[in-house]
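Chains, contacts and geometry: an overview
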Amino acid sequence: YVPLKELQEFEVKMFQHFGIPEEDAITAASILCESDKRGIDSHGVARLQIYFEKLCKNLVNPTPKIKIIRQSETTATIDGDNGLGLVVAPKAN
């Protein structure tokens, strides 16, 4: 058993190791921990290894430039610049 706070701190450090800015690293780690707290284990810390592997292979942009491609009153198409979905999705909201 690892206390949630320690787990989140570890996740933040891992994301920062790959050049993800602190604010984005905190956002990503918070989402993973919140998923575990809610019992959605498939989208919690279990995904950390996947993110680690993708970041090691440079398959994820640690500092994406998020752009709105088109927008209407109810929808938008957003280019996440291959950033972490954990970071891009909250900014798209």
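Presented here is an overview of the structure given in this document. These numbers come from a predicted model, not from an experiment.

1. Topic: helix α1 (residues 4-17)
- Its 14 residues give α1 an end-to-end C-alpha distance of 20 Å, which sits within 8% of 20 Å, the value for a rise of 1.5 Å per residue.
- Taken together, the buried positions of α1 are Leu 7, Glu 11, Val 12, Met 14 and Phe 15. Each buried residue of α1 lies within a common arc of 165° when the element is viewed along its axis, so the set occupies one face. Facing away from the buried side of α1 by over 90 degrees, the exposed positions are Lys 5, Phe 10, Lys 13 and His 17.
- Those residues of α1 that are buried lie in contact with α2 (22-37), α3 (48-56) and α4 (85-92).
- Looking one or two places after α1, you find Gly 19, whose phi comes out positive at around 90°.

2. Digging into α3
- Buried residues of α3: Leu 48, Tyr 51 and Leu 55, and no others. Take α3 and look down its axis: the buried residues cluster within an arc of 65°, on one side only.
- Buried-residue contacts for α3 involve α1, α2 and α4.
- Two residues or fewer past α3, Asn 58 is found with a positive phi of approximately 55°.

Cut-offs used in this document
Residues numbered from 1 in each chain as written. Predicted model: local features only at pLDDT ≥ 70, side-chain atom pairs only at ≥ 80, totals over all residues. Heavy atoms only, no water. Helix = DSSP H or I, 4+ residues; strand = E, 2+ residues; numbered from the N terminus. Expected span 1.5 Å × (residues − 1). Buried < 20%, exposed > 50% of the residue type's maximum accessible area, 1.4 Å probe, protein only. Arc of directions from axis to C-beta. Contact = heavy atoms within 4.5 Å.

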